[in-house]
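Report on the structure
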Amino acid sequence: MSYVVVGAGPAGVIAAETLSGLGHGGNITLVSGEPEAPYSRMAIPYLLAEDIQEDGTHLRHGEGHYDKLGIKVVHERVASIDSKGKSLALESGGSLGYEKLLLATGATPVRPPIAGMDLDGVKSCWTLEDARQIIANSKPGDNVVLMGAGFIGCIILEALVARKVNLTVIEMADRMVARMMDKVGGDIIADWCEKQGVKVMISTRVNGVSENGDGTYKLELEGKDPMNADLVVCATGVKSNMEFLEGSGIETEMGVLINEHMETNVADIYAAGDVAAGFDFMTGKHDVHAIQPTASEHGRCAARNMAGDTTAYRGSLVMNTLNTLGLISTSYGLWDGAEGGDEVVSVDKARSKYLRLNFKDDVLVGTLALGMTQHVGVMRGLIQTRTPLGKWKDVLMEDPHQIMSAYLACAQDASRRIA
Amino acid sequence: MKILVRTAGLLGKHLPPGSEANRAELEVPQGSTPKSVMDRLGFPDGSYLVSLNGKAVTIAKRGDVELQDGDNLALMPPLKGG
């Protein structure tokens, strides 16, 4: 059997390793679109903060790791797929045949359609090469503008603060981390950042960036005074890498649509990770969950199915944990509430603490927690086991901080069963 | 003097034989640094995150900070967010 895995991020690497580990034989080729050893983008903030060196971002350490597992790593970019002829056309001109194909091509940053986004001083923070550029172009005291205070923006934010730049964050939405935090939580994070010397501008739109002529850049802001910067870092979202699928017959929406066996609608082609729209554990509907736990689960499950060990995936749970300059926030599942459900909140703005629990009937379906880390695993456990809370729901509606007691009373056995 | 070394996930394999899954009490000489402990345990410097008593230690400082008796040294893989 000839297996080809396109994409050398966490989903692709774990899939290739799983294929090797299953011991069914066959040739495994891992196609990396970047000239680097397979690495984790999630380690890049630590590289920027000088907590690690470049090889610390590599997903696997040790000489010959992939060779030892019988995985051939090639550095190529795929131009298109001929799904009838079971062959990939490569941008370099060659082709690569497959019997089973996994698409794990991840995502690419998108920039807003405004003037100046192609200027030298405007960088994304996505690849190792981007990180090198930011390191080379930011020194202590520089004025740096971060466009986008989403999840990735907030991760980069901390690394930029560690580089001791004067940082301004500009976010179009009405709050920080809008995709994992409601307004109350987003405002607490913004206050926290402001107290640590980061200027946060929410509900602010950048209309364009231009060069001042002295090496600095000018940002035009809608309804506000323009702002100068030495460097602009753009973190305004990502999209799944699917352009090369045109003409392949593979069905896509926000990502490549896959079933519970990680299969696309085209025979012998699977998808995993940020490029894939798999099933959401809570809603049962297709969604792209661009997070590492989903990437690893997808990769592992896809490999098993490719190798003929039919394995159904139960769906991925939306979860995010973020450390914003020391303030830890987590969100799980339907954190913004379920239709016809109940919610309870506990807010202590002065101490930057916030807890929100969302229920559907007597089952916990989503949570937000800010400034507290001690019981977040319990929240996830209650959601994933769909444990009926019975009378404990009323206790939690009175005092959501009783979550550990509720877990001990209701869910411990259920969690043990799935562990 | 003794320090507590904690690791995460599969990194426990670097700890001395007989250690608990991800923690070990180590006897180290006076003047030890995070870097000297990492070298002894076989952690390549620059590939892992280091925190001392809960505070991050950047690469530049790992060879300078002197460990004290009872210190809590954590060695972790660099994964952020997600």
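Residue and element names in this part refer to chain A. At a minimum axis separation of 9 Å, helix 8 (residues 376-385) and helix 10 (residues 403-410) run at an interaxial angle of 45°. Taken together, the axis directions place helix 8 and helix 10 in an arrangement best described as oblique. Crossing hand, helix 8 versus helix 10: left-handed. On helix 10, the residues touching V378, M379 and L382 of helix 8 are I403, M404 and Y407. Considered class by class, the residues forming the contact of helix 8 with helix 10 number 6 nonpolar, no polar and no charged.

With that out of the way, let us pick up the pairing of strand 14 (residues 217-221) of chain A. Residues and elements named next belong to chain A. Side chains of strand 14 alternate between two faces, with Y217, L219 and L221 buried and K218 and E220 left unburied. For strand 13 (residues 206-211) and strand 14, the ladder comprises 5 bridges, and the chain directions are antiparallel. Bridged to E211 within strand 14 is Y217. The hairpin turn running from strand 13 into strand 14, its antiparallel successor, is 5 residues long, and G213 in that turn takes a positive phi close to 100°.

What follows concerns the packing of aromatic side chains. This model, assessed by the stated rule, comprises 1 aromatic pair over all chains. Residues B:F43 and B:Y48 carry aromatic rings whose centres are separated by 5.3 Å and whose planes lie at 85° to one another, so their mutual orientation is edge-to-face. The same class applies to B:F43 as to B:Y48, namely buried. Stacked on the ring of A:F281, the Lys or Arg A:R386 has its end atom at 4.0 Å from the ring centre.

Residue and element names in this part refer to chain A. Structurally, M379 is set in helix 8. C-alpha separation for the pair M379 and L357, spaced 22 residues apart in sequence, amounts to 8.9 Å. Residues contacting M379, with those up to four places away along its chain left out, are Y332, L355, L364, T367, A369 and I403.

The next thing to look at is the sheet that holds strand 5 (residues 87-90) of chain A. All names here are of chain A. Spatial ordering of the open sheet is given by 4-5-6, a layout of 3 strands whose pairing is antiparallel. Both outer strands of the open sheet, strand 4 (78-82) and strand 6 (95-97), are each paired with one neighbouring strand and no more. With direction set aside, neighbouring strand axes in the sheet form an average angle of 20°.

Here we come to the nonpolar core. Residue and element names in this part refer to chain A. Core analysis: the biggest nonpolar cluster contains 47 residues, and I81, L101, L102 and L103 have the highest contact counts within it. If sequence neighbours within four positions are ignored, L103 has contacts with V6, I81, F244, L245, I250, I269, Y270, A271, A272 and V275. Core analysis: the next-biggest nonpolar cluster, separate from the first, contains 44 residues, A43, C154, V169 and V177 among them.

Bringing the interface of chain A and chain B into the picture now. On the side of chain B, 15 residues touch chain A, which itself brings 22 residues to the contact. For the pair chain A and chain B, the two sides together bury roughly 1,500 Å², of which 59% comes from carbon and sulfur. Put simply, chain A and chain B have 0 salt bridges between them. Counting across the chain A and chain B interface gives 4 residue pairs in polar contact (both at pLDDT 80 or more).

All names here are of chain A. Here we have 3 strands laid out as an open sheet, ordered 13-14-15, and antiparallel in their pairing. Only two strands of the sheet have a single partner each, and these edge strands are strand 13 and strand 15 (224-229). Shown here is a sheet whose adjacent strand axes are inclined to one another by a mean of 20°, direction ignored.

Glancing now at the packing of helix 1 (residues 10-22) of chain A against helix 7 (residues 292-306) of chain A. Packed helices, taken two at a time, are described by their axes: the angle between them and the distance between them. All names here are of chain A. Running from amino to carboxyl end, helix 1 crosses helix 7 at an angle of 35°, the nearest separation of the two axes being 8 Å. Helix 1 and helix 7 meet at a crossing whose hand is right-handed. Across the interface between the two elements, P10, A11, I14, A15, T18, L19 and L22 from helix 1 touch Q292, A295, S296, G299, R300, A303, R304 and M306 from helix 7. Looking at side-chain class alone, the contact of helix 1 with helix 7 contains 9 nonpolar, 4 polar and 2 charged residues.

On to the environment of A:A43. Here A:A43 shows up in the loop between strand 2 (27-32) and helix 2 (44-48). Considered as a pair, A:A43 and A:N265 are 222 residues apart in the sequence and their alpha carbons are 34 Å apart. Contact partners of A:A43, with chain neighbours within four places excluded, come to A:I52, A:G56, A:T57 and B:P78.

Before going further, it helps to examine the state of the cysteines. This structure, assessed with the given rule, holds 0 disulfides over all chains. Unpaired in this structure, A:C125 has its nearest cysteine sulfur neighbour in A:C234, at a distance of 11 Å.

Once that is clear, we can look at unusual backbone geometry. With a phi angle near 50°, A:L325 is a residue other than glycine that sits in the positive phi range. Position of A:L325 among the secondary structure elements: in the loop between strand 22 (319-324) and strand 23 (327-333). For B:N53, which is not glycine, the phi torsion reads 50° and is therefore positive. Secondary-structure assignment places B:N53 in the loop between strand 3 (49-52) and strand 4 (55-56). Overall, the relative accessible area of 45% leaves B:N53 in the partly exposed class.

Reading guide: rules and limits
- Residues numbered from 1 in each chain as written.
- Chains lettered and ligands numbered in written order.
- Predicted model: local features only at pLDDT ≥ 70, side-chain atom pairs only at ≥ 80, totals over all residues.
- Heavy atoms only, no water.
- Axes fitted to C-alpha atoms, helices over the stretch in contact; angles between N-to-C directions.
- Helix = DSSP H or I, 4+ residues; strand = E, 2+ residues; numbered from the N terminus.
- Parallel < 35°, antiparallel > 145°, perpendicular 65-115°, else oblique.
- Left-handed = near helix turned anticlockwise from the far one by under 90°.
- Contact = heavy atoms within 4.5 Å.
- Nonpolar A, V, L, I, M, F, W, Y, C, P; charged D, E, K, R; others polar.
- Buried < 20%, exposed > 50% of the residue type's maximum accessible area, 1.4 Å probe, protein only.
- Pairing = 2+ DSSP bridges.
- Phe/Tyr/Trp six-rings, centres within 6.5 Å; stacked < 30°, edge-to-face > 60°.
- Lys NZ or Arg CZ within 6 Å of the ring centre and 35° of its normal.
- Core = buried A, V, L, I, M, F, W, Y, C linked by side-chain atoms within 4.5 Å.
- Buried area = accessible area lost by both parts, 1.4 Å probe.
- Salt bridge = Lys/Arg side-chain N within 4 Å of Asp/Glu carboxyl O.
- Polar contact = N/O pair within 3.5 Å; in protein donor to acceptor, adjacent residues only side chain to side chain.
- Disulfide = S-S within 2.5 Å.

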